[in-house]
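Close look at the chain arrangement
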Amino acid sequence: MYGTIKKELILEGLHCASCAFKIEDQINKLQGVSKATVNFATKALTIEVLSDSEISDIISKANDVIQKLEPDVVLKEKMVATVSCKKVLVLNGLDCANCAAKIEKTVRNINGVKFASVDFVSKKLMIEVEHRRDLERIVSEASALAVRIESGLEIVDQELPEMGKGSDDRINKTELVRLGIGTVLFMIALVFDFTFYLEVGLFLTSYLFVGGEVVLKAIKNIFNGQVFDENFLMCIATIGAFAIQQFPEAVAVMLFYQIGEFFQDLAVNHSRRSITALMDIRPDYANVKTSEGYEKVSPEQVKIGEF
């Protein structure tokens, strides 16, 4: 729709495709929203509104919807600028201020470099390139030139965080430790012969380590009006098993469920990183022919029929 204002946001912690669909559906029902879409693969929420004055209020309402459906999801602004066109190199062994100035000047003259700066105090070379696809080549050339100017340099790549890439894209070590402790306690209770109450205590402790998070989510969702979800069903199944004194089955069901969720998150995050890598080779701009010649614009701004 013409005349609409588009706002792009990031849903950090979104791991449920069904929840993404629910979020999209509920936000589309908000007054003032022309269109809302959720891309589960990239965790991107795009909202189109008719009035710029309403965008702040609509984002606030959208956040309320998200917290009701998925309390663990955090709504963040999507940064327009990207650090994927920048690279920081640490020049270990740089002891000559004059050499630092020479390196900076030489790197700036490399084809495709938009800006380059050497901080002699921190021994860092920051390079900004015009196109992401040239970044690897330019870094290689810059490194070779720097070593040629100052032969004793050791160049180390300082990784910069990517915009929109949150902590949920990495392996959660805390979750691994929690599952590991729960599994060990479960195996101890299963293998060794203990008294009834000690055995129950071990199975219950193991269950809390493995499935405590699921129970808490189920309780939160019940208060938010979301009763019949997978968390609630897992609690019913496992608590029912405890009620009939099938303790190993109760813990095992929750353990296998959590392991399945863990591998699912790994697969989803791997897919997201692959998609991000593909996005990095997209064109940075498009040349659109106008009455005054060719104009560089963002690919998203190119309309059908333009060339």
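Residues numbered from 1 in each chain as written. Predicted model: local features only at pLDDT ≥ 70, side-chain atom pairs only at ≥ 80, totals over all residues. Heavy atoms only, no water.

Turning our attention to the overall build of the protein. Looking only at helices and strands, the protein features 8 helices and 10 strands. Taking all 307 residues of the protein together, the buried fraction comes to 35%. When contacts within the protein are restricted to residue pairs at least 6 apart in sequence, long-range pairs at least 24 apart make up 65% of them. For the protein, the accessible area works out to roughly 18,500 Å², and carbon and sulfur atoms hold 58% of it. (Helix = DSSP H or I, 4+ residues; strand = E, 2+ residues; numbered from the N terminus. Buried < 20%, exposed > 50% of the residue type's maximum accessible area, 1.4 Å probe, protein only. Contact = heavy atoms within 4.5 Å. Areas by Shrake-Rupley, 256 points an atom, 1.4 Å probe, with all protein chains shown as cover.)

Take the packing of aromatic side chains next. Throughout the structure, instances matching the rule amount to 9 aromatic pairs. Summarising the aromatic geometry, the rings of phenylalanine 262 and phenylalanine 263 are spaced 5.8 Å apart at their centres and angled 75 degrees between planes, so their arrangement reads as edge-to-face. On the basis of relative accessibility, which here comes to 13%, the residue phenylalanine 262 falls in the buried class. By the ring-pair criterion, three or more aromatic residues cluster together here, those being Phe186, Phe196, Tyr197, Phe203, Tyr207, Phe242 and Phe247. (Phe/Tyr/Trp six-rings, centres within 6.5 Å; stacked < 30°, edge-to-face > 60°.)

Glancing now at the pairing of strand 6 (residues 113-119). One ladder, built from 6 bridges, connects strand 6 with strand 7 (residues 124-129); its direction is antiparallel. Bridge pairing in strand 7 links valine 113 to valine 129. A loop of 4 residues connects strand 6 with strand 7, the two strands running antiparallel in sequence, and lysine 123 in this loop sits at a positive phi of about 60 degrees. (Pairing = 2+ DSSP bridges.)

It is the contact of helix 1 (residues 17-28) with helix 2 (residues 55-69), at a shortest axis distance of 10 Å, that shows an interaxial angle of 145 degrees. Both helix 1 and helix 2 take part in a crossing whose hand is right-handed. In this structure, helix 1 contributes Lys22, Ile23, Gln26 and Ile27 to the contact, and helix 2 contributes Ala62, Val65, Ile66 and Leu69. For the contact of helix 1 with helix 2, the class distribution of residues is 6 nonpolar, 1 polar and 1 charged. (Axes fitted to C-alpha atoms, helices over the stretch in contact; angles between N-to-C directions. Left-handed = near helix turned anticlockwise from the far one by under 90°. Nonpolar A, V, L, I, M, F, W, Y, C, P; charged D, E, K, R; others polar.)

All right, on to the sheet that holds strand 2 (residues 33-39) then. Spatially, the 4 strands line up as an open sheet ordered 2-3-1-4, and their pairing is antiparallel. Both outer strands of the open sheet, strand 2 and strand 4 (74-77), are each paired with one neighbouring strand and no more. For this sheet the average axis-to-axis angle between neighbouring strands, irrespective of direction, equals 25 degrees. Sheet analysis places strand 1 (residues 5-12) next to strand 4, joined by 4 bridges and oriented antiparallel. Of the residues in strand 4, the one forming a bridge with leucine 11 is leucine 75.

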